[in-house]
Amino acid sequence: MEECNSLAKLSKDVLDKLAKMLDNSTCGWRQLSQVVSEDPKLRYSERDVTNCSLQVLSATGSPGRSFLALLVDRSCSLLFLLQCLKKIDHQEAVQLLTTAATEQIQITVHPNSQQATLGSRVVLTCRACGPPGLAYQWFKGKEEISEASGRTPELVVCPLGPEHKGSYICRINHGDTWVFSQWARVRLLRSVPGLSPGCSTGMFSGSSTAVRIISQPQSQMASEGDTLLLKCSAVANPPAQYQWYHNSTPMPQNKIRLLKIPCVTTAHRGQYRCKVFNLFHEIWSDPATVTIGPTSITDPSCVAVDRGLESEEVDGPIVCEEVRSQMTNPPPSSNQFFATDKVALLIGNLNYRHRSQLCAPMADVHELSNLLRQMDFKVVSLLDLNWQEMHSAVTEFLLLLGKGVYGLLYFAGHGYENYGNSFMVPIDAPPSFTSEHCICVQNILTRMQEKETGLNVFLLDMCRKRNPNDEIIVQPGLLKVTANVVFGYATCVDAEAYEVRKEDVSNGIFISFLKRRICQDEKVTVMLDRVAEDMGRFEITRGRQALELRSNLSERRSLTDPIQMLSNCSTANSARNLQWAVAHVLPKSLFIHFDCGVKVQLGFAAEFSNIMVVYTRILEKPKEIASCSAQLIDFPEDVDIDLKRSNQETPVKADSFLFIKEQLASSELPELYTRICSLQRLKKELTFTVCLRYIYVNLEEEVEERKAVTVGKPLVSKLNLHQPRASSASSSLSLDSCTISEVSSFSEDFAPLASNAWSLFANAHPDKCRDNPNYYSN
């Protein structure tokens, strides 16, 4: 049904017409986006809406078409879109979509040929999906059946007589459009002894003469990610129908003899039964118990052995009553989990000093950041970090974690794996680097577990070949059995990871497939399994790169789980919000007045947590000045500026992924964009010069004025990642106990405000609060 009702099924011609109708300001795609966002799965970020708006800058661009593409990506149904168009009273679009929907009628159940005895009851069934208001009409041969049942999905013939044998077909109508089903033939049989002819509507419970199960579903054990198959077969006259039940709850989508559940999780364990019935009789199958994951221990003779240094052999079976109870009666699992917060650290290293340069990490981190923000993650995204900066970034990341928090670490860059440990390579690693020059992922996991996190996800988009220069066997700290760890490796052990290079943007293979699935409301391991399946069908990397999943996750936790803060640790939540927010504060827009009468605006936007785009705009210009431009010069040596791509007319020319929101305002005066990188290395306040060059009317000589500007320490520069951090766990910011110690590079300034830090920050900077969709640009 969902596939039949999919917006993606619309033809290109219909989508183009609909997009053209939505490209208007009074009743168009913007109004539609507000109504669509009432569905949480179709809620879009401010950046998505801005990107749609910017389509007007292209000669062939269409904001409406871009917005429809977003709806298709989120699997928006045709029926839901039609309801939203009716809410905004777009009659023309409603008419177009209704007509198009009519063309999407698809028959999902065709009538089957049957044979029955004289006087019995025969039911022919035909079902279809499509637009609302489908009408059914049955025919026998070329003659229309006028009875009431001839206009329903089920045609009932009772009692069956010689005149009823023949061929039947069903027509499904919607307006002036219709489709026909397959033909079904009804044949007469001789009477069967023991069955009395007649048309009865009663249910004879327990009778096995009309419905008899010949194949019972079997109990079985399965592991997470396996495919579950249960089969129940029966013989009956009229033909039997099936309905599966899980723990006494009906499964509406499972109405055939074979029950198939791909990628099972612990939520699928329990008891399954199948109800088999027809118009006369009903019978139930034997129960089949399915055990999955941790509860799959069914052998009562298991032996408990203490493997400590002073262990003693234990003779005979030892099974505690609690475990025995769980084996025989698996506890019901809840499908709803929540996080006390969500935090993600994304690192992309591409400009290596002694290794080959990479292209994909910048695009990969940018896309993944946007997707995680849609799921309410606090995202810290950093590019091109050296060893000290990576070490400090991880330490600051750990300060944002606490009890029940979902922590996600993504790394794209060079890497390797030795003796089961994964190492992320910083950009300043020497040519013959070893583990001493890199960051060990398993050490990070150990420190994350100390925070009692609710979920630990590692997405490592790097090579995993062995490093021949490194013979050191790193011994990470003792890992706890928390059953909440997920490792998603972009490739297998001793294999490489690849990039897909396009005209001006390149993605890693892993992110190319991950971005299509990561926002799905599925258990993390199930989502990654599907990514692996998608990658396996990719011809280019088949046999060269395959996703590897390692996990001990025992609960159905998803990256889309809602956030529910713990009431007994509000101070920790406030401190965590403050810690993240301070690292993402942008300078406020500045207005600079020059002596010649020109007024210049300086605007700021964050592309990554350590990359800021600054743009200059001429707001006022005296009439006696023919032309002018404001350029930025004299940046400190700490930051990286590509002088060839600074002061460009568009963000794209400045090598930026950003679409600046203010760019939408039409302006005949020039705007110039400059991209400032490596803000994490800024040791003092950011100071630069605005150089105004202008020419007076009827004069050829260019005049220049300069003004120095200081904007403080923007974004992640406040964290001073270039400074060493204490490595001991005891010296980190303790959010578990709701106390703050003076360890973070800025905690000294804000520790006295711990109890009301976030509220003070929100009052002082309402435009930076997380609830404000514009917090990431200024």
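Residues numbered from 1 in each chain as written. Predicted model: local features only at pLDDT ≥ 70, side-chain atom pairs only at ≥ 80, totals over all residues. Heavy atoms only, no water.

Caption draft 1: Seen up close, the packing of helix α9 (residues 387–399) against helix α10 (residues 441–449). Remark: α9 packs on α10, axes separated minimally by 10 Å, with the N-to-C direction vectors making an angle of 25°. The orientation of α9 relative to α10 falls into the category roughly parallel. Pair α9 / α10 crosses with right-handed handedness. Mapping the contact onto sequence places V394, T395, F397 and L398 in α9 and I444, R447 and M448 in α10. Within the contact of α9 with α10, the residues separate by chemical class into 5 nonpolar, 1 polar and 1 charged. (Axes fitted to C-alpha atoms, helices over the stretch in contact; angles between N-to-C directions. Helix = DSSP H or I, 4+ residues; strand = E, 2+ residues; numbered from the N terminus. Parallel < 35°, antiparallel > 145°, perpendicular 65-115°, else oblique. Left-handed = near helix turned anticlockwise from the far one by under 90°. Contact = heavy atoms within 4.5 Å. Nonpolar A, V, L, I, M, F, W, Y, C, P; charged D, E, K, R; others polar.)

Caption draft 2: Region of the structure containing helix α3 (residues 46–53). When you tally the buried positions in α3, you get 6 out of 8 residues, the bulk of the element. Those residues of α3 not exposed but buried are R47, D48, V49, T50, C52 and S53. As for α3, its buried residues are in contact with α2 (29–36), α4 (63–73), α8 (360–374) and β33 (599–608). (Buried < 20%, exposed > 50% of the residue type's maximum accessible area, 1.4 Å probe, protein only.)

Caption draft 3: Main features of the sheet that holds β33. Overall, antiparallel pairing links the 4 strands, which are arranged β32-β33-β34-β36 in an open sheet. Strand pairing shows two members of the sheet lacking a second neighbour, β32 (590–593) and β36 (671–676), which therefore form its edges. For this sheet the average axis-to-axis angle between neighbouring strands, irrespective of direction, equals 25°. Sheet topology places β32 next to β33; 4 bridges connect them, and they run antiparallel. Across the sheet, residue I592 finds its bridge partner in β33, namely V600. (Pairing = 2+ DSSP bridges.)

Caption draft 4: Up close: helix α12 (residues 524–536). Spanning 13 residues, α12 covers 18 Å between terminal C-alpha atoms, matching the ideal 18 Å at 1.5 Å per step. Buried-residue contacts for α12 involve β27 (455–461), β28 (485–489), α11 (509–514) and β31 (548–551). (Expected span 1.5 Å × (residues − 1).)

Caption draft 5: Focus on the sheet that holds strand β37 (residues 687–696). Spatial strand order, β35-β37-β38: 3 strands in an open sheet with antiparallel pairing. On the outer flanks of this sheet lie β35 (625–633) and β38 (703–710), each paired with one strand and no other. Within the sheet, the average angular offset between the axes of one strand and its neighbour, ignoring direction, is 20°. Across 8 bridges, β35 lies against β37 in antiparallel orientation. Considered in β37, the bridge of C628 is made with Y694.

Caption draft 6: Representation of the pairing of β28 within the structure. When you tally the buried positions in β28, you get 5 out of 5 residues, the bulk of the element. With burial as the criterion, each face of β28 is covered, one bearing V485, F487 and Y489 and the other bearing V486 and G488. Two elements, β27 and β28, share 5 bridges in a ladder whose sense is parallel. Residue pairing in the sheet places L459 in a bridge with G488 of β28. Here β28 pairs with β31 via 4 bridges, running antiparallel. Within the sheet, the bridge partner assigned to V486 lies in β31 and is S551.

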